[in-house]
Amino acid sequence: MKSDSDRVLHTLSPREKAFELNLKRSIYGTFAEIGGGQEVAHLFFKAGQASGTVAKAISAYDMRFSDSIYGPCKSYVSEDRLKQILDKEYHLLIKRLTPRAKSTLFFAFANTIQMASSRNNYVGHGWIGIRFQSHVNAEPNDFIAHVTLKEKSSTAQQRTLGIVGVNLLYACYQDQQSPHVFVPSLLEGISAEKIEIDMMRFSGPRFQYWDHRLLSLLMVKHGLTNATIFEANGNILQPYETISQKNILLLRGRFKPVTKVITDMVESGWKAFHKESPNKSPKETIVLLELSLKELASSKESVDEEDFIERADLLCALGYSVLISNFAEYYKLTRYLSAIMSEGKSLGILLGVRALEKIFDEKYYQGTTGGLLKALSFIHGLNHYLYVYPTKFKNTGSKILRARDSQISERVKPLFDFFVQEKRILDIPTKNLDRLSIISDDILSMIQSENTGWEQYLPEEVVDKIKKNALFGCPLNVPLETDDE
């Protein structure tokens, strides 16, 4: 499916973008930058004609000064602090420049950044955002993002931050018509190895038709980040804040559609996960259903966005939080999660017998450093566990397959047996063995061929969504089942 993402991005340098905005006398606002220097404002000043854009540039580094201006806060590098800054600066702008309101698009740009420190082992990160008007006298729009700065030099980090800030301001006024153009433009002129943008949040009339879930997909697709998380209401979550203090129960799949096998897998896996570790509070565990770009399409360029939204609709309808990643292999996904999780927290991966067999198949690790042995270290490292859901295939008749029935090569079998003995590979008990014969591809074919009876294999919320929105090729006007039927 071709989209706006196929368009060629601008080739303007950051300085040229800043100069272009400076010449637009109708765009006028405040720059408030804390922690990383005034790199964004600096680029606008350096570009020339800055009086056309910059109403004020401020940097309240001292905590007491910062608190006296914006009020107290728990953390100076946080989304809450960023919002305090935007609230204050935008309010002052509107209040003090009322005479210009009929001809000016006002904005307040802010960032609050902690630069990397080798002495304290800090990773550079922070929050960047803008409140802006897209029309004269209109209600403002907000756009907020979390960034991780990957460069070791603070000077290099500041330079990168400045470019991202200019890109953001330029995108809000020049590329705001489409998320397919907006998202990749934020890293224009910057290598993804220098910075990661792993969370975005927006609101306001200009973004009323944008879908946060689609934005999550575009962030991963265009390399702004390796993974994003959004919750059931669609809001994008910052990964570290969301899962660093949590145990994680993860299930990756296609979810096309979400069958009763999936819901039972999660529910039964949840019980097994907490039974194995009774000291873990359920309140400290988050369930993530993961979709990788590989499962969405054969290549990043051919990701079907409509199909993705349909699957996301069903997962959100069931109340699940969704992780989107570009990790095709389990070991890469677990490395990413392990780097975020706090010490002592556990990761449980839910999977079927076939997925388990692939993890122990050496052919998937050819050409990788360390091969299968290094890749499988994620199971033995930290508190990682594989929970295997029983499986039944058409070619095995009525036989129910469990972890011990996996087809593992003789060369790798001793390693597999070791993980079983160490209770790193565990079977998931379930009472719903009648659901094991449900095959999602068969259900999808029934939906698309207008066959009846497929509803019994799916959760009620999923059935309603599919019929009401004609998902997965389901014909329109298919009657919903009622209690009288």
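Up top is the structure these notes are about.
Residues numbered from 1 in each chain as written. Predicted model: local features only at pLDDT ≥ 70, side-chain atom pairs only at ≥ 80, totals over all residues. Heavy atoms only, no water.

A.B. asks: Please explain the pairing of strand 4 (residues 124–132) as it appears in this structure.
C.D. replies: If a strand is regular, its side chains alternate between the two faces of the sheet. Most of strand 4 sits out of view: eight of its nine residues are buried. Here eight bridges tie strand 3 (residues 105–114) to strand 4, and the two strands are oriented antiparallel to one another. Considered in strand 4, the bridge of Phe-107 is made with Phe-132. With nine bridges connecting them, strand 4 and strand 5 (residues 141–149) associate as antiparallel partners. Residue pairing for strand 5: Ile-130 is matched across the bridge by Phe-143. (Buried < 20%, exposed > 50% of the residue type's maximum accessible area, 1.4 Å probe, protein only. Helix = DSSP H or I, 4+ residues; strand = E, 2+ residues; numbered from the N terminus. Pairing = 2+ DSSP bridges.)

A.B. asks: Before we go on, may I ask you to explain the nonpolar core in this structure?
C.D. replies: In summary, soluble globular proteins display a tendency toward joint burial of nonpolar side chains. Membership of the largest hydrophobic core comes to 115 residues, with the highest contact counts inside it found for Phe-143, Met-200 and Ile-466. The dominant element in this core, judged by the number of residues it contributes, is helix 5 (residues 154–174), at ten residues. Among residues more than four places away in sequence, those in contact with Met-200 are Phe-143, Ile-144, Ala-145, Val-183, Leu-186, His-212, Leu-215, Met-219, Leu-224 and Ile-236. Among the nonpolar cores identified, the runner-up in size contains 39 residues, and Leu-337, Ile-340, Met-341 and Leu-351 belong to it. (Core = buried A, V, L, I, M, F, W, Y, C linked by side-chain atoms within 4.5 Å. Contact = heavy atoms within 4.5 Å.)

A.B. asks: Which parts of the structure should I look at to understand the packing of aromatic side chains?
C.D. replies: Each pair of aromatic rings is reported with the distance of its centres and the angle of its planes. The final tally for this structure, using the stated rule, is 20 aromatic pairs. A centroid spacing of 5.4 Å and a plane angle of 80° characterise the contact between Phe-182 and Trp-210, whose relative ring orientation is edge-to-face. With Phe-182 in helix 6 (residues 179–185) and Trp-210 in the loop between strand 6 (195–203) and helix 7 (212–221), this residue pair connects regions lying 28 residues apart in the sequence. Its relative accessible area of 0% is what places Phe-182 among the buried residues. A relative accessible area of 12% means that Trp-210 is categorised as buried. Ring geometry for Phe-202 versus Phe-207: centroids 5.3 Å apart, planes at 50°, classification tilted. For Phe-202, a relative accessible area of 7% translates into the label buried. The buried category is assigned to Phe-207, whose relative accessible area is 2%. Clustering of aromatic rings is evident, with ring pairs tying together Phe-132, Phe-143, Tyr-173, Phe-182, Phe-202, Phe-207 and Trp-210. (Phe/Tyr/Trp six-rings, centres within 6.5 Å; stacked < 30°, edge-to-face > 60°.)

A.B. asks: Sorry if this is basic, but what is going on with helix 7 here?
C.D. replies: In an α-helix there are 3.6 residues to a turn, and that puts residues three or four apart on one side. Burial of helix 7 is extensive: ten of the ten residues sit out of reach of the surface. Every buried residue of helix 7 is accounted for by His-212, Arg-213, Leu-214, Leu-215, Ser-216, Leu-217, Leu-218, Met-219, Val-220 and Lys-221. Residue Asp-211 occupies the N-cap position of helix 7, its side-chain oxygen lying 2.8 Å from the main-chain nitrogen of Arg-213. (Polar contact = N/O pair within 3.5 Å; in protein donor to acceptor, adjacent residues only side chain to side chain.)

A.B. asks: Can you walk me through the sheet that holds strand 7 (residues 227–230) in this structure?
C.D. replies: Backbone hydrogen bonds hold the strands of a sheet together, and the pairing may be parallel or antiparallel. Strand order in this open sheet of eight strands is 8-7-11-10-9-12-13-14, and the pairing throughout is mixed. Where the open sheet ends on each side, the last strands, each with one partner, are strand 8 (236–237) and strand 14 (425–427). Strand direction decides the pairing type here: strand 7 and strand 11 (residues 321–325), joined by four bridges, are antiparallel. Across the sheet, Phe-230 pairs through a bridge with Val-322, a residue of strand 11. Against the sheet, helix 11 (residues 305–317) touches strand 7, strand 10 (285–292) and strand 11, its axis set at about 165° to strand 10. (Axes fitted to C-alpha atoms, helices over the stretch in contact; angles between N-to-C directions.)

A.B. asks: Would you mind going over the pairing of strand 6 with me for this structure?
C.D. replies: Taken across its nine residues, strand 6 has seven buried, putting it largely inside the fold. Two elements, strand 5 and strand 6, share eight bridges in a ladder whose sense is antiparallel. Within strand 6, the residue paired with Thr-148 across the bridge is Glu-196.

A.B. asks: Any chance you could explain the pattern of salt bridges here in plain terms?
C.D. replies: Any two side chains of opposite charge can pair, on the condition that their charged atoms come close. On inspection of all chains with the given rule, the structure shows 20 salt bridges. The salt bridge involving Arg-252 is made with Glu-290; its shortest N-O contact spans 2.7 Å. Of the two residues, Arg-252 is situated in strand 9 (residues 247–252) and Glu-290 in strand 10; the sequence distance between them amounts to 38 residues. There is no split in this pair, since Arg-252 and Glu-290 are both buried. The structure contains a network of salt bridges with shared partners spanning Glu-79, Lys-83 and Arg-201. (Salt bridge = Lys/Arg side-chain N within 4 Å of Asp/Glu carboxyl O.)

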